[in-house]
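Chain by chain, the residues run as shown.
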Amino acid sequence: MDTRKYKCWFVAALLLAICVPSLTAHAASNPSILIFPFEIQMQGDSGYLQKGVFDMLQSRVAAGGGVDVIAYERFKSRIDGLHDSLSEEQALNIGSALGATYVVIGQIVIQGNLATTDARLIGLSRDGVKLSFHKQGANAEDVLAHIKALAGEIRSFLLGGAPQSAVSAAKPDSIPKPAEKSPKADDPMYMHPEKLWKGPSQLSNEPIRSMSGDGKLPVSIWKSPKFDMEIRSIAAGDVDGDGREEIVVAGDKGLFVYRYAEGKLTLLTQKTYDADTYLFRVDVADLNGNGRAEIYLSRMLRERTRVKSQVLEWDGKQLVPLAEPEMFLRVLSGANKKPILLGQESGMGSLFASKIQRLEWRGGALAPAGNFAVPFSESVYAFNDADALNAGQDVFVWITPEGFIRILQPDGEDWKGGERFTGAASYIPYPTGDEDRSGSGDPPRKRRYYIPQRILVTDIDRDGKNEILVISNSDMTTHYFPNIRIFRNGRIACLFWDGMGLARKWQTSEVSGHISDLMLMDLNGDKKPDMVFSVVARMNSPFWNAESYLVYWSAD
């Protein structure tokens, strides 16, 4: 054989071996898509729906692999400050800068009994509109079905090359203009609850005299000014040792300690954290016995993958750290009961370890003081141990991840309620365990564990019997989507044991948004516990900051 001819064939074969896989890999590269938060036109706060729709659409388009969805963090700074609708030109410019193949923009209009979802998938390579989507329904719940269908249509087009017949390609290329103002917009029946508030703009000595939400109980209500933050947790205690309780607030902007005096909230101190620190639960108690209550702050680091809580104490000038245990912390307290500190480590292959520990101060450091046995509860946050049945004996009351209340009665019978009580929006992501089965190399799939709400047991209406206080938020997803909560409104429910089960005694008025936490404290100095809860009126959005406020509620 000719040696030169053999070498030429060898070089050609080698080039084919190198180039063909490269060409194949290039041809099989995933399309990159940039999904923008949809514009929402509706009465009341739209932040919850906007965030829920955005999260749902991103996760469903990405699910199953084959499509690269650009993370929100990569373009958040580019849309911050845009208070008007995002134009197609702006969307395409941002998409081009981030190397996207396609962008998705859309609008949702909810007016009366009509809910409309319009969206467009636009190509960046001079392709124009590749897919137009239009669906109508009767309410916000129908919008979620629209988004599910839209995600399917987008994946079908990107992976199959053509939209399914359900896509209405004949729809106009432009997103509809914002709906005209409804003639009912000024009707109090349709107004946002914030606009109906006639009380003072700050906490004052003159409360609003009112009735509970069901008209069964005369009450006095104070309301704080709004905070430009998402309040995730609140607690009360004598932080500075002056004999009066302070209010401690934890949220997305950090940790804040407020004094209440002469009808006003005054900031005592604050502590900020970097963006990667997630604060989700705070408790306050003087457990080291020095006359100043410590702040027990549960927090997550590294994109909520590592628990590293913090214990802080006021030194007269600032909050100083006393300990940073790698445990979830919780103070368990109750009427006529000495508070104790509980801790729980992360589990091996699970979010929580099986054992809950008691912790105490020894020589200026936290040390384990034995296990704390809790039946059925996997989380240190999900239960209370108090005389909830008014039988002179403490029983365990806990709330399941699905929001149902359970009580272990003194005779050992396990009572389970049938009403769901949805807590707040704070959550910890955890792997589902099946992320490697496809072999696609896609990022691990995660599920959200929503932090259980507090269960308070106290005689809140001062009738001589204990009641159970729980948060009851209305979730428009009705728990069908475990990774999404879209809140419409919330209230506090007061329950009592009637000998057969829990019955609702009364409830507070509904607030728009959701209630994020609940606590007891004596704000007015009458030596009797009253209720304080935090309301997140608006969640963070690409177009606005979160808004929250505090409500102080006292039975007359």
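Residues numbered from 1 in each chain as written. Predicted model: local features only at pLDDT ≥ 70, side-chain atom pairs only at ≥ 80, totals over all residues. Heavy atoms only, no water.

## A word on the pattern of salt bridges
Operational definition: Salt-bridge detection follows one rule: a side-chain nitrogen of Lys or Arg within 4 Å of a carboxyl oxygen of Asp or Glu. Here a helix means four or more residues in a row that DSSP labels H or I, a strand means two or more in a row labelled E, and each is numbered from the N terminus. Burial here depends on accessible area, computed with a 1.4 Å probe over protein chains only, as a share of the maximum for the residue type. Under 20% is buried, over 50% is exposed, and the range in between is partly exposed.
Under the criterion given, the structure shown has 24 salt bridges. Put simply, Asp-530 and Arg-462 hold a salt bridge, and the shortest N to O gap is 2.5 Å. Of this pair, Asp-530 sits in strand β34 (residues 530–538) while Arg-462 sits in the loop between β28 (456–458) and β29 (467–475), and the two are 68 residues apart along the sequence. The exposure class assigned to Asp-530 is buried, which follows from its relative accessible area of 0%. What makes Arg-462 partly exposed here is its relative accessible area of 31%. Overlapping salt bridges bring together Arg-281, Asp-283, Arg-454 and Asp-517 as one network.

## With respect to the pairing of strand β18 (residues 328–334)
Rules: Paired strands, in this sense, are two strands between which DSSP finds at least two bridges.
Along β18, 5 of the 7 residues are buried, which leaves the element largely enclosed by surrounding structure. For β18 and strand β19 (residues 337–344), the ladder comprises 6 bridges, and the chain directions are antiparallel. The residue bridging Val-331 from the neighbouring strand is Leu-341, located in β19.

## Digging into the packing of aromatic side chains
Aromatic ring pairs are defined here through the distance separating the ring centres and the angle between the ring planes. For clarity, the cut-off: Between 30 and 60 degrees the pair is tilted, below 30 it is stacked and above 60 it is edge-to-face, where a pair is any two Phe, Tyr or Trp rings, Trp via its six-membered ring, whose centres lie within 6.5 Å. Our definition puts a charge over a ring when NZ of Lys or CZ of Arg is within 6 Å of the ring centre and also within 35 degrees of the ring normal.
Considering all chains together, one arrives at 20 aromatic pairs under this definition. Note on Phe-54 and Phe-75: the rings are 6.5 Å apart at their centroids and 75° apart in plane angle, and the pair reads as edge-to-face. Of the two residues, Phe-54 is situated in helix α2 (residues 47–62) and Phe-75 in helix α3 (residues 72–79); the sequence distance between them amounts to 21 residues. Residue classification places Phe-75 among the buried positions, given a relative accessible area of 0%. Where Phe-256 meets Tyr-258, the ring centres are 6.5 Å apart and the plane angle is 20°; that geometry is what we call stacked. Across this residue pair, the class does not change: Phe-256 and Tyr-258 are buried. Following the ring pairs from residue to residue traces out a cluster consisting of Tyr-278, Phe-280, Phe-328, Phe-352, Tyr-381 and Tyr-449. Residue placement shows Arg-330 over the ring face of Phe-383; its charged tip is 5.0 Å from the ring centre. Residue placement shows Arg-448 over the ring face of Tyr-427; its charged tip is 4.2 Å from the ring centre.

## A few points about the sheet that holds β18
So the rule is basically this: Axis lines are fitted to C-alpha atoms, over the contacting stretch for helices. Their N-to-C directions set the angle, which ranges from 0 to 180 degrees.
Taken in spatial order, the 4 strands of this open sheet run β18-β19-β20-β21, and their pairing is antiparallel. The two strands at the open ends of the sheet, each matched to only one other strand, are β18 and β21 (365–371). Within the sheet, the average angular offset between the axes of one strand and its neighbour, ignoring direction, is 40°. Bridge analysis of strand β20 (residues 357–362) against β21 gives 5 bridges, and the strand direction is antiparallel. Paired with Gln-357 across the strands is Asn-371, a residue of β21.

## A word on α3
Note the threshold: This arc corresponds to the set of directions leading from the helix axis out to the C-beta atoms. In what follows, a contact means two residues having at least one pair of non-hydrogen atoms within 4.5 Å.
Turning to α3, its buried residues are Tyr-72, Phe-75 and Ile-79. The arc that holds every buried residue of α3, seen down its axis, measures 90°, which confines them to one face. Seen from the open side of α3, the exposed residues pointing more than 90 degrees away from its buried face are Glu-73 and Ser-77. In this structure, the buried side of α3 is in contact with β1 (32–35), α2 and α4 (88–97).

## A closer look at unusual backbone geometry
A positive phi angle, near 65°, is found at Arg-304, a position not held by glycine. The topology assignment puts Arg-304 in the loop between β14 (294–301) and β15 (306–307). A positive phi angle is found at Asn-390, which is not glycine, with a value near 55°. Position of Asn-390 relative to the elements: it lies in the loop between β22 (383–386) and β23 (395–399).

## Some details on empty space enclosed by the protein
A probe as big as a water molecule, rolled over the atoms, marks out the empty space that is left. In plain terms, the rule: A cavity here means a set of points on a 1 Å grid, drawn over the protein atoms and nothing else, where a 1.4 Å probe fits but cannot get out; a pocket is an open set with protein on both sides within 12 Å along at least five of seven lines, and a residue lines either one if it has an atom within 4 Å of a point. Grid points are joined across faces, edges and corners, and a volume is the space filled by probe spheres set on the points. Gly is put with the polar residues, along with every residue not named as nonpolar or charged; the nonpolar set is Ala, Val, Leu, Ile, Met, Phe, Trp, Tyr, Cys and Pro, and the charged set is Asp, Glu, Lys and Arg.
One pass over the full model with this rule turns up 2 cavities of 30 Å³ or more. In this structure, the largest cavity occupies an estimated 110 Å³ of space. Only β9 (231–237), β13 (278–285) and β33 (514–521) provide two or more residues apiece to the lining of the largest cavity. Here the lining of the largest cavity is built from residues that sort into 4 nonpolar, 5 polar and 4 charged.

## Comments concerning the environment of Ser-132
For Ser-132, the location among the structural elements is in strand β6 (residues 128–137). By relative accessible area, Ser-132 is classed as buried at 5%. Taking the C-alpha atoms as reference points, Ser-132 and Ala-119, 13 residues apart in sequence, are found 6.1 Å from one another.

Take it as geometry only, folks, not as evidence of what the structure does.
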